[in-house]
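What follows is each chain in one-letter form.
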Amino acid sequence: LESKVGKEGARLVAERHGAAIDYLEKLVTERRIDCAFRRVEGYLFEPLGDPPRTHRELENELAAAQRAGLTCELVTTMPPPFADRHAIRFADQAEFHPLDYLRGLVDYAMELGVAIHTGVHAEHIESLAAGEPGQAGALRVLLTGHAPITAKHVIDATNCDMSSSFKICLQQAPYRSYCVAFALPKAAIPHALYWETGDNYHYLRVTPHGDGEVLIVGGEDHRVGQEDTGPQFEALEAWTRQHLPIAGEVVARWSGQIMEPVDGPAHIGKSPQLENVYVCTGDSGNGLTHGTVAGILIPELIAGKASPWTTVYDPDRNHAHAAGSYVAEATRSVAPYLDWIRGGDVSSVDEIPAGCGALVRRGLHIMAAYRDDAGECHVMSASCTHMKGVVQWNAAEKSWDCPCHGSRFDAYGTVLNGPAVTNLGPVETPLPHGERDATSFEPRHEPARD
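Bear in mind the structure is a predicted one, so any value in this text is a computation, not a measurement. (Residues numbered from 1 in each chain as written. Predicted model: local features only at pLDDT ≥ 70, side-chain atom pairs only at ≥ 80, totals over all residues. Heavy atoms only, no water.)

Glancing now at the pairing of strand 15 (residues 356-362). Here seven bridges tie strand 15 to strand 16 (residues 365-371), and the two strands are oriented antiparallel to one another. Each bridged residue has a counterpart across the sheet, and for Arg361 the counterpart in strand 16 is Ile366. From the end of strand 15 to the start of strand 16, which pair antiparallel, there are two residues, and Gly363 there has a positive phi angle of about 65°. (Pairing = 2+ DSSP bridges. Helix = DSSP H or I, 4+ residues; strand = E, 2+ residues; numbered from the N terminus.)

Here the focus is the pairing of strand 1 (residues 38-45). Two strands pair when backbone bridges link them, and strand 1 and strand 3 (residues 87-95) are joined in this way by seven bridges, in the antiparallel orientation. Paired with Arg39 across the bridge in strand 3 is Ala94. Relative to strand 9 (residues 193-196), strand 1 runs parallel, the two being bridged by four bridges. What sits directly across from Leu44, in strand 9, is Trp195.

Counting 23 residues, the largest nonpolar core has Phe82, Tyr194, Leu204 and Leu215 as the members making the most contacts within it. If you tally residues by element for this core, the top one is strand 8 (residues 172-184), at four residues. Excluding anything up to four places from it in sequence, Leu215 contacts Val180, Ala181, Phe182, Leu184, Ile189, Leu204, Arg205, Val206, Thr240, Leu244 and Ala247. One finds Tyr370, Val391, Trp400 and Phe409 within the second-largest nonpolar core, a separate group that totals 19 residues. (Core = buried A, V, L, I, M, F, W, Y, C linked by side-chain atoms within 4.5 Å. Buried < 20%, exposed > 50% of the residue type's maximum accessible area, 1.4 Å probe, protein only. Contact = heavy atoms within 4.5 Å.)

The next point concerns the state of the cysteines. The full count for this structure, using the stated rule, is zero disulfides. A disulfide-free cysteine, Cys404 has its sulfur positioned 4.3 Å from the sulfur of Cys402, the nearest such atom. (Disulfide = S-S within 2.5 Å.)

The antiparallel open sheet is built from four strands, whose spatial order is 18-19-20-21. Two strands bound the open sheet, and with one partner strand each, they are strand 18 (392-394) and strand 21 (415-417). Averaged over all adjacent pairs, the angle separating strand axes in this sheet is 35°, with direction ignored. Both strand 18 and strand 19 (residues 399-401) contribute to a ladder of three bridges, which runs antiparallel. Looking at strand 19, one finds that Asn394 is bridged to Ser399. (Axes fitted to C-alpha atoms, helices over the stretch in contact; angles between N-to-C directions.)

This is the structure:
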């Protein structure tokens, strides 16, 4: 981070994350939110299984962390079962149950008179034209199947799906990260934050579960839509069995989407494209603290207050200092457009098994075809409704994922993740007998937003 935003930028980010944890603790205490909040230590350790090294990477990280004002030290042993492993130990970290915390926030917000609506799909934000009814400078949020909402200020927490579908999406990259949870005897591994220094790093957490606990092991990240999904779960389990044999049976597994800014800090602040719109995206896997940072910083900006953290998180900041990362991620975003000149996954929809999806080329067009468990085939355009990338079938999660900018759609083409805000479109050529256009009936699910 220091190499991309400078020493002062890194110090401000570290300071703001610490302030976010303090704010969380204060709110949990004052509101008596039962979310198992506790202070823990964090350990950044060398990859397990690697041969002994000079520890220079850890020493460099330690020096940078201390320059940023973090309380940390280099240790030569970690808590069992890690034992003989050099690591940086960070003080004053924290863990809590995010959904229990969210329920507490919802209760608090409703006490303050906030109206919360679910199952509503937001499509677009626009400024009211001159002469239209409403307060001058007001904004209108367009909703699918509902009357629009007008407001003086709008916060876009949808990864900029509505307020900056082009600019910010080029300044961050979408990744899938995978988790496998293992049964664990109580107190077998101390509660702490654990993560590796390796590029394909792993991270670990411990959480209560029934009479025992659960070990959550995550990692195996990759760009959305650019690798087969499924092997990552097996890789995580194999890594855990090799290095942490105390782990018991697998009790759950899942994946999540992470937006990685090219220069490190999240994008929190004024929209670069719409007046009186504020954004929060680019959490880089730190959404629990970044969400809190946004909850503190954006109200300050709306109120017109100055904040020393505005510049480092500014969505419209100059990203030239991270030109290498910018070019590398832009190349990964552009390369998948070559799929438009490639063949399909199968030559005919007849080859698609029940419960599976595949791309089928018909002339100049590529179709996304899904055969449901009853054997009926649903066909839609494979063109992502964001910037026309060709979606790819995600067999592990039964979704269509765009490898260009990370939009995701369910098996029937209903949008799940932005930056796309609308469903996959109808096929562009007539369908043979027996194939059904997936857009000819109501979606099976209400759209979900991250």
